[in-house]
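One letter stands for each residue in the lines below.
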Amino acid sequence: MKAMKKTVICILIIGYSSIAFAQSIFEKDFTKPEATEIWGPQPKIVSPGVNNSPPSDAIVLFNGKGLDNWVMAKDSTPCQWTPKGDVLNIKLGAGNIKTKQKFGDCQLHIEFVLPVDSKETSEPNNAGNSGIFIQERYEVQIFDSYQNETPLYSNGQMGSIYKQVIPLVNASNKNGEWNTYDIFYTAPKFRFNGSVEKPAYITVVHNNVLILNHFEIQGTIKYVGIPQYELHDKASIELQEHGSEVSFRNIWLREL
């Protein structure tokens, strides 16, 4: 009974608030400029980074000062990849790593470099191959796609959402030169029964060039078959080890 009373009171408050809002709209004089001015709330102050440093509200995931934010993806044991100065190097054969912290909507900045000799491999599909898995399941591909010289299906090259979309352009730097991804991600929303209410969306800027513009992600990445959504909550950022010694630096994230 008490719960019902609280529900009724809440409905009444919302109803009265809506009526008051509607009345205030109709009472405004839209011939005056102040009728369309909103003075609050004011946006939070964020200081932008200086000299390629993160903004003031960023969560720093790697800047060369240890691997406390990372674990092995397969079993959550301590990270086995190799830090050297401000660079994090993939350890071949070790497997993927992931963040300890889990995220939803976010802005992710990450810098990476492909080995100069990435094409010198018995398996062409491993040429500079790595990837960034948003929420452990939506992959932004890393691959040796400089000048489109390495043969590979277009929806698997650098900047693709793997096997879902071809990037608008190829902005890859040559091997040995640093690349930057700035990723803007909106997580999917699920209904009470696990069905998809809103899909995930992603925008990717590669080396200051827009390569994916608010792309609707089709579901969890699949190498074989059709992608489908699976119910999930916040999840980690995962970096892929796929047979190439790709290196990373300056990884930070802003929760949105």
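This text goes with the structure placed above it.
Because the structure is predicted, anything quoted here is derived from the model rather than measured. Along every chain, residues carry numbers that run from 1 in the direction the sequence is written. Totals for whole chains, interfaces and linings use every residue, but because this is a predicted model, local features are given only for residues with pLDDT of at least 70 and side-chain atom pairs only at 80 or more, for both listing and counting. Computation of side-chain values covers all heavy atoms of the structure but excludes hydrogens and water.

Draft legend 1. Main features of the pattern of salt bridges. Whenever a carboxyl oxygen of Asp or Glu lies within 4 Å of a side-chain nitrogen of Lys or Arg, that contact is scored as a salt bridge. Applying the stated rule across the entire model yields six salt bridges. Close ionic contact of arginine 249 with glutamate 111 constitutes a salt bridge, the shortest N to O distance being 2.8 Å. With arginine 249 in strand S15 (residues 247-255) and glutamate 111 in strand S6 (residues 106-113), this pair connects stretches of sequence that are 138 residues apart. Exposure is judged per residue with a 1.4 Å probe applied to protein chains only, and the accessible area is read against the type maximum: over 50% gives exposed, under 20% gives buried, and values in between give partly exposed. With relative accessibility at 2%, the residue glutamate 111 sits in the buried group. As a salt-bridge pair, arginine 137 and glutamate 230 come within 3.0 Å of each other at their nearest N and O atoms. Residue arginine 137 is found in the loop between strand S7 (130-134) and strand S8 (138-142), and its partner glutamate 230 is found in the loop between strand S13 (209-216) and strand S14 (238-239); the two are separated by 93 residues along the sequence. By relative accessible area, which is 36% here, glutamate 230 ends up partly exposed. Here the salt bridges share partners, and the residues they tie into one network are Lys44, Asp57 and Arg254. Numbering of helices and strands runs from the N terminus; a helix is a DSSP stretch of H or I covering at least four residues, while a strand is a stretch of E covering at least two.

Draft legend 2. Just the side chain of asparagine 179, in detail. Within the secondary structure, asparagine 179 sits in strand S9 (residues 179-186). On the basis of relative accessible area, asparagine 179 is assigned to the buried category, the value being 2%. At 3.1 Å, the side chain of asparagine 179 and the backbone nitrogen of asparagine 173 are in polar contact. Residues in contact with asparagine 179, not counting those within four places in the same chain, are Ile110, Glu111, Phe112, Ala171, Ser172, Asn173, His206 and Asn207. N or O atoms closer than or at 3.5 Å make up a polar contact, with two conditions inside protein: a donor-capable atom paired with an acceptor-capable one, and, for residues adjacent in sequence, both atoms drawn from side chains. By definition, residues are in contact when any of their heavy atoms lie within 4.5 Å.

Draft legend 3. Spatial organisation of the sheet that holds S14. At least two bridges found by DSSP between two strands are what make those strands a pair. Within the open sheet, the five strands sit side by side as S2-S5-S14-S7-S8. Their pairing is antiparallel. Only two strands of the sheet have a single neighbouring strand rather than two, namely strand S2 (70-72) and S8. In the sheet, S7 pairs with S8 via five bridges, with the strands oriented antiparallel. Residue pairing across strands places glycine 131 opposite glutamine 141, the latter belonging to S8.

Draft legend 4. Structural detail: unusual backbone geometry. A cis amide bond links glycine 40 to the next residue, proline 41, at an omega of 0°. Structurally, proline 41 can be placed in the loop between helix H1 (2-27) and strand S1 (59-62). Phi is positive for serine 76, which is not a glycine, with a value near 60°. Unusually for a residue other than glycine, asparagine 207 sits at a positive phi of about 50°. Along the chain, asparagine 207 falls in the loop between strand S12 (201-206) and S13.

Draft legend 5. Broad picture of the nonpolar core. Buried Ala, Val, Leu, Ile, Met, Phe, Trp, Tyr and Cys residues that are joined via side-chain atoms within 4.5 Å together make up what is termed a nonpolar core. Counting residues in each nonpolar core, the largest one holds 44 residues, and the members touching the most others are Trp81, Ile132, Tyr181, Ile202 and Phe248. Tallying contributions element by element places S6 first for this core, with four residues. Excluding its chain neighbours within four sequence positions, the residues that come into contact with isoleucine 132 are Leu108, Ile110, Tyr138, Glu139, Val140, Ile142, Tyr181, Ile183, Ile237, Glu238 and Leu239.

Draft legend 6. Local environment of the packing of aromatic side chains. Only the six-membered ring of Trp is used, alongside the rings of Phe and Tyr, when aromatic pairs are assigned; centres must lie within 6.5 Å, and planes under 30 degrees apart are stacked while those over 60 apart are edge-to-face, with the rest tilted. Using the criterion set out here, one finds six aromatic pairs in the structure. Arranged with centres 6.4 Å apart and planes meeting at 75°, the rings of phenylalanine 190 and tyrosine 229 form a pair that is edge-to-face. Placement of phenylalanine 190 in strand S10 (residues 189-190) and of tyrosine 229 in the loop between S13 and S14 is noted, with a sequence separation of 39 residues between them. Judged by its relative accessible area of 17%, phenylalanine 190 is buried. A connected cluster of aromatic rings, assembled from ring pairs, spans Tyr138, Tyr185, Phe190 and Tyr229. Working rule: Lys NZ or Arg CZ, within 6 Å of ring centre, within 35 degrees of ring normal, means a charge sits over the ring. When the ring centre of tyrosine 153 is taken as reference, the NZ or CZ atom of lysine 163 above it lies at 5.2 Å. In this arrangement the basic side chain of arginine 249 is found over the ring face of tryptophan 178, its NZ or CZ atom lying 4.0 Å from the centre.

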